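Descriptive structure summary
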Amino acid sequence: MTGAVSPDAALALAREALEHWGGARDEPCFVKLRENLVFDVTLTDGTRAALRLHRPGYQSRAAIGAELDWTGRLAVAGLRVPRPVPTRSGSFTAEAGGRVASAVSWLEGTALGAAGEPLGGTASDQARTMRALGALLARLHSATDRLELPDGFPRPAWDEEGLLGEAPLWGRFWENPALSMTERGILAEARDKARNELEAFRIEGADFGLIHADVLRENVLSGPSGLSLIDFDDSGHGFRMYDLGTALVQNLEETALPQLAAALIAGYRAERPLPEHAARRLPLFTALRAFASAGWIVTRMPPGDPRQRFYAERALRMARIVLERGPDWDPDWELEP
């Protein structure tokens, strides 16, 4: 399991890191004390920022710098994403206690929700939220396509190998300890079929480029100016449909799921073309995110933790959809096999 850092040790790291930005007016305030340590800080010049101390061994300093380069350009282009706050030396990153540190502008807003909790609002409210989120993702992808980014941009690849290869980015999900041997076989079979579908989709002309790759409710803020997207830590090169799949995966238990899926697609199409053959693969990409999460949880919780089984069951549910229905069903899909 990933190593934990005590609150006192995290605060000491934050104080050390802040020296690269000239210090802060007040004591750093915890936002997240998990893999990435995140603090709400006000720098001495009055800038409010999110100070991030990145998990060792996940993203390289070059990859974190590339993320900040990208989001900085997006912000300049008018996207509601965090801007990098440079250090006193002008760099986007620094080092503190063996971790890479970075700071990004603070965005006002309230997260759309949290994992394991129902999406707030009426069905109509939820659909409006998903439509707005689809539009935001479309604008993200379109704005990215207009940027002139350097060759060899050092971000992970959410491609066939990164999602379904022998060493996926988030782990071998088919080996989740909460799975029985029979269930592992189901996931292995679904993995093979999903890989074939991804390869076919690429041949058909899949939209592929830089993506956020973690569009969970916690990473979408609702504020006075609309929705904002934060936490690009997992961003990389991938299928654009994967962003829509990650946006939908936490809604699999919602009563209005088919309407939410349709609203997400409609919002995207209001801002950017989305061919029918791509829209019909939304369940496939939702399954891919469910698979990835079943691998992600393995190193974060002990084998007997109920969250292991929750993610395993979600992956199994989507695996059966992949195996029984294929990629080309109606976008107004129901998820019960």
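The structure contained in this document is the topic of the report that follows.

**Here's the deal with the overall build of the chain**
When its secondary structure is counted, the chain shows 10 helices and 11 strands. For the chain, whose C-alpha radius of gyration is 20 Å, the value lies close to the compact-globule estimate of 20 Å for 337 residues. Across its three principal directions, the C-alpha atoms of the chain cover 60 × 45 × 45 Å. A buried classification covers 53% of the 337 residues belonging to the chain. Within the chain, counting contacts between residues at least 6 apart in sequence, those at least 24 apart form 72% of the total. If you sum the accessible surface of the chain, you get close to 14,200 Å²; carbon and sulfur atoms cover 52% of it.

**Describing empty space enclosed by the protein**
Considering all chains together, one arrives at 1 cavity of 30 Å³ or more under this definition. Of the voids in this model, the largest cavity is the one considered here, and its volume is about 70 Å³. Forming the boundary of the largest cavity are Leu-112, Leu-119, Thr-129, Met-130, Leu-133, Val-215, Leu-216, Arg-217, Val-220, Ala-247, Gln-250 and Asn-251. A per-class count over the lining of the largest cavity returns 8 nonpolar, 3 polar and 1 charged.

**Topic: the packing of aromatic side chains**
Within this structure, the stated rule accounts for 13 aromatic pairs. Taken together, Trp-158, Trp-170, Tyr-242, Trp-296, Phe-310 and Tyr-311 form an aromatic cluster joined through their ring pairs. Between Arg-55 and the ring centre of Tyr-58, over which it is positioned, the NZ or CZ distance is 4.3 Å. One Lys or Arg, Arg-202, reaches over the ring of Phe-208 and ends 4.6 Å from the middle of that ring.

**Quick notes on the sheet that holds strand β7 (residues 157-158)**
Spatial ordering of the open sheet is given by β7-β11-β8, a layout of 3 strands whose pairing is mixed. The outermost strands of the open sheet, each flanked by one partner alone, are β7 and β8 (208-211). Summarising the sheet, β8 and strand β11 (residues 236-239) pair through 4 bridges and their orientation is antiparallel. When the sheet's bridge partners are listed, Phe-208 is paired in β11 with Phe-239. With respect to the sheet, helix α6 (residues 240-248) is in contact with β7, β8 and β11, its orientation differing from that of β8 by roughly 45 degrees.

**Overview of the packing of helix α5 (residues 181-204) against helix α10 (residues 306-325)**
Interhelical geometry of α5 versus α10 gives an angle of 50 degrees and a closest axis separation of 9 Å. Classed by the angle they form, the pair α5 and α10 counts as oblique. Once α5 is placed against α10, the crossing between them reads as left-handed. Two secondary-structure elements touch here, α5 through Glu-183, Ile-186, Leu-187, Glu-189, Ala-190, Lys-193 and Ala-194 and α10 through Arg-309, Ala-315, Leu-316, Ala-319, Arg-320, Val-322 and Leu-323. Grouping the constituent residues of the contact of α5 with α10 by class yields 9 nonpolar, no polar and 5 charged.

**Overview of the pattern of salt bridges**
Applying the stated rule across the entire model yields 29 salt bridges. Between Arg-48 and Glu-108 there is a salt bridge, and its shortest N-O distance comes to 3.0 Å. Separated by 60 residues along the polypeptide, Arg-48 in strand β3 (residues 48-53) and Glu-108 in the loop between β5 (99-105) and β6 (110-111) bring together distant segments of the chain. Residue class for Arg-48 comes out partly exposed when judged on its relative accessible area of 34%. The partner of Glu-271 in a salt bridge is Arg-139, and the shortest N-O contact between them spans 3.4 Å. Taken together, the residues Glu-271 in the loop between α7 (257-269) and α8 (276-279) and Arg-139 in helix α3 (residues 123-146) connect sequence positions 132 residues apart. One connected set of salt bridges, linked through shared partners, spans Asp-145, Asp-207, Arg-240 and Arg-272.

**Let's talk about the sheet that holds strand β9 (residues 220-223)**
Here we have 3 strands laid out as an open sheet, ordered β6-β9-β10, and antiparallel in their pairing. Each of the sheet's edge strands pairs with one partner strand only, and the pair in question is β6 and β10 (226-229). Across 2 bridges, β6 lies against β9 in antiparallel orientation. Following the sheet pairing, Thr-110 is matched in β9 by Ser-222. Contacts between α3 and the sheet are confined to β9 and β10, with β10 contributing the most and set at about 50 degrees to the helix.

About the thresholds
Residues numbered from 1 in each chain as written. Predicted model: local features only at pLDDT ≥ 70, side-chain atom pairs only at ≥ 80, totals over all residues. Heavy atoms only, no water. Helix = DSSP H or I, 4+ residues; strand = E, 2+ residues; numbered from the N terminus. Rg over C-alpha atoms; globule rule 2.2 N^0.38 Å. Buried < 20%, exposed > 50% of the residue type's maximum accessible area, 1.4 Å probe, protein only. Contact = heavy atoms within 4.5 Å. Areas by Shrake-Rupley, 256 points an atom, 1.4 Å probe, with all protein chains shown as cover. 1 Å grid on protein atoms, 1.4 Å probe; cavity = no way out; pocket = protein on both sides within 12 Å on 5 of 7 lines; lining within 4 Å. Points joined across faces, edges and corners; volume = space filled by probe spheres on them. Nonpolar A, V, L, I, M, F, W, Y, C, P; charged D, E, K, R; others polar. Phe/Tyr/Trp six-rings, centres within 6.5 Å; stacked < 30°, edge-to-face > 60°. Lys NZ or Arg CZ within 6 Å of the ring centre and 35° of its normal. Pairing = 2+ DSSP bridges. Axes fitted to C-alpha atoms, helices over the stretch in contact; angles between N-to-C directions. Parallel < 35°, antiparallel > 145°, perpendicular 65-115°, else oblique. Left-handed = near helix turned anticlockwise from the far one by under 90°. Salt bridge = Lys/Arg side-chain N within 4 Å of Asp/Glu carboxyl O.

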